[in-house]
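Examining the three-dimensional arrangement
As a plain string of letters, each chain reads:
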Amino acid sequence: MIDRLAEQLMGGPATIILADSEAQILDRRAGGRELSKALDKAMVAPGFRYAEEYTGTNGIGSALEERKPFLVQGGEHFRENLQEFACIGSPLMHPITGAVEGVLDVTCRFDDSNVLMKPLVLSAVREIESRMYADASLRERMLLEHFLRVSRKTTSAVVSLNQDFIITNTAASKLLDPSDQALLWDWTSRMLAGREECTGEVRLAQDIVVQARASKVGDGSQLAGVLVEMRVRPPGKTTRPRAATPAAPRRPGRPTTPVGDVLPGRSVASERLRREIDAVVESDLPVLLCGEPGAGKLFVAHHLHKRWAPAEPCTVLDGRVARQDPDAWLERFTARSTTPGTLVLRHLDDLPPELCPRVLGRLESTETGRAHLVATAQARGAPGPAARVLDHFPASLVVPPLRYRVEDIADIAPVIIKRRTPRSPAPRLQPATLQTLTALDWPGNIRELETVLTSAVLRSMGSDIAQAHLPPEYRSSPTRHRLASLERAERDTILQALADTGGNKLAAAERLGIARSTLYRKLRALGIDDNRFSG
Ligand SMILES: Nc1ncnc2c1ncn2[C@@H]1O[C@H](COP(=O)(O)OP(=O)(O)OP(=O)(O)O)[C@@H](O)[C@H]1O
């Protein structure tokens, strides 16, 4: 299309300019030699940015800002060196999502401008947008059609989304923050596994709780995405008890409560953990925190300390280093357990076996007991000397792995980023970056996330963190290299049902509430080798 327009203008007094959604010029075509030289001199050339905030009124930046065609002639340009030109820019809108994808602009010398410039640009933009619609994938069109059908009939907030794009009606756009696309996608992925529809409550980034009904959109053989209808929960109405602790900071980069005073995380798993922590704080019992390496056990231990005795000292003794000098370790343990404050026995499952009976003896002694006691371990573990020590901790909490609560990344990442940039305004994660991070498995849990974000903060040099700032191995688009998370959740649910029924497909289909033929179709679609299973 651009080629054709350039051909029409070839040899004439006008040039055609294509810019991206950030007002950066990508291409400039046609126009005579003299005009090209003048434009080069004025730096109206590929690579230069014409955002209104930097360049003032101009055809490209102002069209983007206003989201409509914008004509700027001669002295109307803010920058003096542009005043010899006339230009008209029109935004190129994605015909499905409504997002501005770029700007098409026609520029000429002010003396050469004429009334035909506007219709020329508008008809070219119309044609480009209709090509964009034709090129939009079947998935996108299915989502759009479904979205239009539903939003015509309801006053609710309606959003149609998949991992790559999102369409909202006005009511939904008022509720949603950019980070909510990843959150909603993840929520629907979990809730819709093995089902066509679900309802539930979702806490959005702006700390608004909505009652949501989600359904899959697709044509049976391929999933296009999901459609979610939302209504703000009326005040005072709740279907799930809220955590007694204050709400976690919801908006990336804009915590509403001081960092560290609350346990960040909007997932159901984190909400459950906060409730369990409330009970432990209340009971005052020695507590064992279990979980995978890097899941955040020590972080939770510090949180417990802040809840119990913030004015007293918190001491961490690591069972892994006890081997170096067992007597000194035991001495510190005895001294700290008999004074007020919190004593955290980290990696207690790694305590040297020979030290276990002595530690147990001290734990059982009546002299200890002044300090609040917390231990961390991967699990209660196999019988052995360390297991007996762990048994001394009657309360236990499991800190869930990050892969079971990836939506928490929207809350945890700002805490980590702020820690890395204490003296400057903390950069935010761009929505696409958040989406990429929430699609990963995180075998190293929050510690791994911390390493990735630390390197991204350095690369971004103060600007918001884009996908390109992530280490290369974390940048890959989830849709290209991995099963979409909805499909992954569906796959896990099906495999679990097959495992529970000893591989019997008929029984698994019954358990999932779907027809056996549907199960066969899903097994094929999800790439599960159905010969492994009987029935
Ligand atoms: N909820 C959280 N918000 C922000 N940072 C966190 C959170 N949880 C953990 N971290 C950070 O992640 C890193 C790993 O957490 P932590 O040391 O608590 O893990 P752990 O489960 O005790 O690990 P390990 O058992 O391997 O020692 C730490 O730097 C910690 O500060």
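Refer to the preceding data block for the structure.
A short tour of the structure in this document, coming up. Computed from a predicted structure; not experimentally measured. (Residues numbered from 1 in each chain as written. Predicted model: local features only at pLDDT ≥ 70, side-chain atom pairs only at ≥ 80, totals over all residues. Heavy atoms only, no water.)

What follows covers the pairing of strand β5 (residues 100-109). By the criterion of burial, β5 is predominantly enclosed, with 8 of the 10 residues buried. Pairing of strand β1 (residues 14-20) with β5, which is carried by 7 bridges, proceeds in the antiparallel orientation. Across the sheet, the residue bridging to I16 is V106, located in β5. Summarising the sheet, strand β4 (residues 85-93) and β5 pair through 9 bridges and their orientation is antiparallel. By the bridge assignment for β5, G89 is matched with D105. (Buried < 20%, exposed > 50% of the residue type's maximum accessible area, 1.4 Å probe, protein only. Helix = DSSP H or I, 4+ residues; strand = E, 2+ residues; numbered from the N terminus. Pairing = 2+ DSSP bridges.)

Helix length check: helix α11 (residues 326-337) (12 residues) gives 16 Å between terminal C-alpha atoms against 16 Å at 1.5 Å per residue, within 8%. On its buried side, α11 packs onto β12 (314-318), β13 (342-346) and α12 (356-364). (Expected span 1.5 Å × (residues − 1). Contact = heavy atoms within 4.5 Å.)

Turning our attention to the packing of helix α9 (residues 268-283) against helix α10 (residues 297-308). Remark: α9 packs on α10, axes separated minimally by 11 Å, with the N-to-C direction vectors making an angle of 45 degrees. Between α9 and α10, the angle falls in the class oblique. Note that α9 runs across α10; the crossing there is right-handed. Contacts from L273, I277, D278, V280 and V281 of α9 reach α10 at V300, H303, L304, R307 and W308. Taken together, the residues of the contact of α9 with α10 break down into 7 nonpolar, 1 polar and 2 charged. (Axes fitted to C-alpha atoms, helices over the stretch in contact; angles between N-to-C directions. Parallel < 35°, antiparallel > 145°, perpendicular 65-115°, else oblique. Left-handed = near helix turned anticlockwise from the far one by under 90°. Nonpolar A, V, L, I, M, F, W, Y, C, P; charged D, E, K, R; others polar.)

Bringing the site of the ligand into the picture now. Taken together, 18 residues lie near the ligand, and K297, H347, R419, R447 and E450 sit nearest. Within the side chain of R346, a nitrogen or oxygen atom sits 3.0 Å from an oxygen atom of the ligand. Contact with the protein chains removes 89% of the 630 Å² of surface that the ligand exposes when unbound. Elements that contribute at least two residues to the shell around the ligand include exactly α10, α14 (409-420) and α16 (445-460). It is α14 that contributes the most residues to the shell around the ligand, 4 residues altogether. Partitioning the shell around the ligand into residue classes produces 9 nonpolar, 3 polar and 6 charged. Counting contributing residues, the shell around the ligand receives three or more from each of domain 3 (268-398) and domain 4 (405-481). (Near = heavy atom within 4 Å. Polar contact = N/O pair within 3.5 Å; in protein donor to acceptor, adjacent residues only side chain to side chain. Areas by Shrake-Rupley, 256 points an atom, 1.4 Å probe, with all protein chains shown as cover. Domains from an automatic or database assignment.)

Moving on, we come to the state of the cysteines. Under the counting rule described, the total for this entry stands at 0 disulfides. With no disulfide of its own, C87 lies closest to C108 among cysteine sulfurs, the gap being 8.6 Å. For C87, a relative accessible area of 6% puts it in the buried group. (Disulfide = S-S within 2.5 Å.)

Let's shift gears to the sheet that holds strand β14 (residues 372-377). Taken in spatial order, the 5 strands line up as β12-β13-β14-β11-β15 in an open sheet, and their pairing is parallel. Looking at the sheet topology across the chains shown, the edges are occupied by β12 and β15 (395-398). With strand direction ignored, the average angle separating the axes of adjacent strands in the sheet is 20 degrees. Pairing of β13 with β14, which is carried by 4 bridges, proceeds in the parallel orientation. Note that in β14 the partner of L345 across the bridge is A375.

Right, let's get into the side chain of D105. The residue D105 is located in strand β5 in this model. We note that D105 is buried and unpaired, the nearest opposite charge coming from R28 at a distance of 9.4 Å. One polar contact links D105 to T107, side chain to side chain, over a distance of 2.6 Å. Those residues in contact with D105 that sit more than four places away from it in its chain are T15, I16, I17, G59, I60, C87, I88 and G89. (Lys, Arg positive; Asp, Glu negative; His and termini not counted. Salt bridge = Lys/Arg side-chain N within 4 Å of Asp/Glu carboxyl O.)

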